[in-house]
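Results of the structural survey
Spelled out from the first residue to the last, the chains are:
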Amino acid sequence: MLTSKQRAKLRSLANTMETILQIGKGGINDQLIKQVDDALTARELIKLHVLETAPETPREAMGILTEATNSEPVQVIGRRLVLYRRNEKEPVIQLD
């Protein structure tokens, strides 16, 4: 569980990040979950965009993805969402 200070730091880091994945009309499937999981392992912090045609709302997508990838929700702004999962072997982001 992230503290509000940690979440604030992650939000500031995500502010300058590019969106790397989109959730479209196909919704959330096993392939997308695998891509999100791989991206979290490599980067720890990722930003996604939920398109208008997606069957899930951004908040629903956040809940599904955090549960499926064992990650932490950072924020949802509009149709963009940010996820974080610490890489235990090679941590990139220090949250101390």
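Report on the accompanying structure. In this text the structure is predicted, and so the values were computed from the model without any measurement.

Burial within strand β2 (residues 45-50) is extensive, with six of its six residues counted as buried. The side-chain alternation of β2 yields two buried faces, one formed by Leu45, Lys47 and His49 and the other by Ile46, Leu48 and Val50. As paired strands, strand β1 (residues 21-23) and β2 are joined by three bridges and run parallel to one another. The residue bridging Leu21 from the neighbouring strand is Leu48, located in β2. Following the backbone out of β1, through helix α2 (residues 30-43) and into the adjacent parallel β2, one traces a crossover that is right-handed. In terms of strand pairing, β2 meets strand β4 (residues 80-84) through five bridges, oriented antiparallel.

This paragraph deals with the sheet that holds β1. The four strands lie next to each other as β1-β2-β4-β3, forming an open sheet whose pairing is mixed. Looking at the sheet topology across the chains shown, the edges are occupied by β1 and β3 (72-77). Within the sheet, the average angular offset between the axes of one strand and its neighbour, ignoring direction, is 25°.

Moving on: the side chain of Gln75. Its location among the elements puts Gln75 in strand β3. Aside from chain neighbours lying at most four places away, what touches Gln75 is Arg11, Met62, Arg80, Leu81 and Val82.

Let us look at helix α3 (residues 58-69). For α3, spanning 12 residues, the distance from its first C-alpha to its last is 16 Å, which sits close to the expected 16 Å at 1.5 Å a residue. Within α3, the full set of buried residues consists of Pro58, Ala61, Met62, Leu65, Thr66 and Thr69. Burial along α3 is one-sided: seen end-on, the buried residues are contained in an arc of 125°. Structural note: α3 exposes Arg59 and Glu67 on the side pointing more than 90 degrees away from its buried face. Contacts made by the buried residues of α3 are with β1, α2, β2, β3 and β4. Just beyond α3, the residue with positive phi is Asn70, at close to 55°.

Calculation rules
- Residues numbered from 1 in each chain as written.
- Predicted model: local features only at pLDDT ≥ 70, side-chain atom pairs only at ≥ 80, totals over all residues.
- Heavy atoms only, no water.
- Buried < 20%, exposed > 50% of the residue type's maximum accessible area, 1.4 Å probe, protein only.
- Helix = DSSP H or I, 4+ residues; strand = E, 2+ residues; numbered from the N terminus.
- Pairing = 2+ DSSP bridges.
- Right-handed = clockwise from strand over helix to strand, strands pointing away.
- Axes fitted to C-alpha atoms, helices over the stretch in contact; angles between N-to-C directions.
- Contact = heavy atoms within 4.5 Å.
- Expected span 1.5 Å × (residues − 1).
- Arc of directions from axis to C-beta.

Honestly, that's just the spatial picture; any functional story needs more than this.
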